[in-house]
Amino acid sequence: MSAVLNLDTHLRSALRRDPRVHSALAYGSLTQGTGDEYSDVEYYVWSNEAIDAATWLRQALTGSSWTVLHAVTNDFGTPNFVLTGLKRVELHTRPVAARPEVLDWPSDHLAPERMLVKDADGHLAALLAQVAARPPASATADAQGTLDRLVNWLCFGFNVLARGERVRALELLGWVQGSLLRLARLQEGSMSYWLNASRRAESELSGAALERYAEVTGGINDLERCYAAAWNWTLELAHALGLHLNTELVQALSQGLSGALPLDSAP
């Protein structure tokens, strides 16, 4: 992963040298100690004057072995860039007055000592320390709320599938899968990545859980099987975790999906 580390070192150095940059931090897998050769490099930059992310990055890479091959603002409003070798950069540029926004971040995997790039007045370090002092989201995971949201996605997906909107039902299946992974993590006590439950799932969930997950995945012609398997697993996880499901709702969903696969009876 030397290429990713070299890129991170190069950009951190450029941020420190730029007099317009008041405060900056890195985030993502490199700061969490789980980075590899496929990792992105990601930064928040706060300045007293407006900085255009694309212009700044191209200037910072001048004379290096990296070139910006693709630039776009992603679905969440963040400038994203693809460089030589398919290395990805995310670069938020914000006014200094916006620094308190970090207080809204989750504390999961927060490592201020690895994240801080530049901190002209020490205020950014103080903000990160406040966030780091909070319990991680996994410590306050809402099992019942997760199940309730899962059932809502299942009902939504089932209805559009019954209508014949298979493309939409396939899209909604992704929300079902994510919720199932969270409940599976709860059941197995594997809570390192509660907010992003698919992260490192192959190494953190049991083989049995991964097999169950495989059963709820498939293509557009597999949706009846996927939704039925998802409902079976939902029932099992709810029972194992001692969570509540409305009896009438259980019966309605079980009857609705019964034509796809045999469904387990409600616990």
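Note that this is a predicted model, so its numbers are computed, not measured. (Residues numbered from 1 in each chain as written. Predicted model: local features only at pLDDT ≥ 70, side-chain atom pairs only at ≥ 80, totals over all residues. Heavy atoms only, no water.)

J.: Mind showing me how you'd approach the pairing of strand S5 (residues 88-95) here?
T.: Looking down a regular strand, the side chains alternate between one sheet face and the other. Judged from the 7 bridges that link them, strand S2 (residues 41-47) and S5 form a sheet pairing that is parallel. In the strand pairing of S5, Tyr43 is matched with Leu91. With 3 bridges connecting them, strand S4 (residues 79-83) and S5 associate as antiparallel partners. Across the sheet, Val82 pairs through a bridge with Arg88, a residue of S5. Between S4 and S5, which follow one another and run antiparallel, lie 4 residues, and Gly85 among them has a positive phi close to 75°. (Pairing = 2+ DSSP bridges. Helix = DSSP H or I, 4+ residues; strand = E, 2+ residues; numbered from the N terminus.)

J.: Where do I start with the packing of aromatic side chains in this structure?
T.: Here a ring pair, both rings aromatic, is described through the centre-centre distance and the interplanar angle of the planes. Counted by the stated rule, this structure contains 5 aromatic pairs. Ring centres of Tyr27 and Tyr44 lie 5.8 Å apart, and the angle between their planes is 55°; on these two criteria the pair is classed as tilted. Of the two residues, Tyr27 is situated in strand S1 (residues 21-27) and Tyr44 in strand S2; the sequence distance between them amounts to 17 residues. Among the aromatic side chains, those forming a connected cluster through ring pairs are Tyr27, Tyr44, Trp46 and Trp105. (Phe/Tyr/Trp six-rings, centres within 6.5 Å; stacked < 30°, edge-to-face > 60°.)

J.: Before we go on, may I ask you to explain the nonpolar core in this structure?
T.: Nonpolar side chains in soluble globular proteins generally cluster together in the buried interior. If you look at the biggest cluster of nonpolar residues, it comprises 31 residues, and the most contacted ones within it are Leu147, Val176, Leu180, Tyr227, Trp231 and Leu245. Going through the elements one at a time, helix H6 (143-163), helix H7 (166-188), helix H10 (223-241) and helix H11 (247-257) are the ones with two or more residues in this core. Considering each element in turn, this core owes the most residues, 10 residues, to H10. Ignoring sequence-local partners within four residues, the contact set of Leu245 consists of Leu147, Val151, Trp231, Leu235, Ala238 and Val250. Membership of the second largest hydrophobic core comes to 26 residues, among which are Leu11, Ala14, Leu15 and Val89. (Core = buried A, V, L, I, M, F, W, Y, C linked by side-chain atoms within 4.5 Å. Buried < 20%, exposed > 50% of the residue type's maximum accessible area, 1.4 Å probe, protein only. Contact = heavy atoms within 4.5 Å.)

J.: Would you explain the side chain of Lys118 in this entry?
T.: Locating Lys118 in the fold gives a position in strand S6 (residues 116-119). The side chain of Lys118 sits in the buried core without any salt bridge; Asp18 is the nearest counter-charge, 6.3 Å away. For Lys118, the side chain forms a polar contact with the main-chain oxygen of Val21, separated by 2.9 Å. Once residues within four sequence positions are removed from consideration, Lys118 is found in contact with Leu15, Arg16, Asp18, Pro19, Val21, His22, Ser23, Ala24 and Leu124. (Lys, Arg positive; Asp, Glu negative; His and termini not counted. Salt bridge = Lys/Arg side-chain N within 4 Å of Asp/Glu carboxyl O. Polar contact = N/O pair within 3.5 Å; in protein donor to acceptor, adjacent residues only side chain to side chain.)

J.: It is not clear to me how the packing of H10 against H11 should be interpreted in this structure. Could you clarify?
T.: A pair of packed helices is captured by two measures, namely the crossing angle of their axes and the spacing between those axes. Where H10 meets H11, the axes come as close as 10 Å, and the angle between the chain directions of the two elements is 150°. On the basis of the axis angle, H10 is roughly antiparallel to H11. Read as a crossing pair, H10 and H11 show a hand that is left-handed. Contacts from Tyr227, Ala228, Trp231 and Leu235 in H10 reach Val250, Leu253, Ser254 and Leu257 in H11. Residues belonging to the contact of H10 with H11 are distributed by class as follows: 7 nonpolar, 1 polar and no charged. (Axes fitted to C-alpha atoms, helices over the stretch in contact; angles between N-to-C directions. Parallel < 35°, antiparallel > 145°, perpendicular 65-115°, else oblique. Left-handed = near helix turned anticlockwise from the far one by under 90°. Nonpolar A, V, L, I, M, F, W, Y, C, P; charged D, E, K, R; others polar.)

J.: Help me understand a nonpolar patch on the surface, please; the structure alone is not making it clear to me.
T.: Taken together, the side chains of Val167, Leu170 and Ile220 present a nonpolar region at the surface, about 230 Å² in accessible area. Residue classification places Ile220 among the partly exposed positions, given a relative accessible area of 33%. (Patch = residues over 30% accessible without salt bridge, like charges linked within 9 Å, V, L, I, M, F, W, Y side chains within 5 Å. Areas by Shrake-Rupley, 256 points an atom, 1.4 Å probe, with all protein chains shown as cover.)

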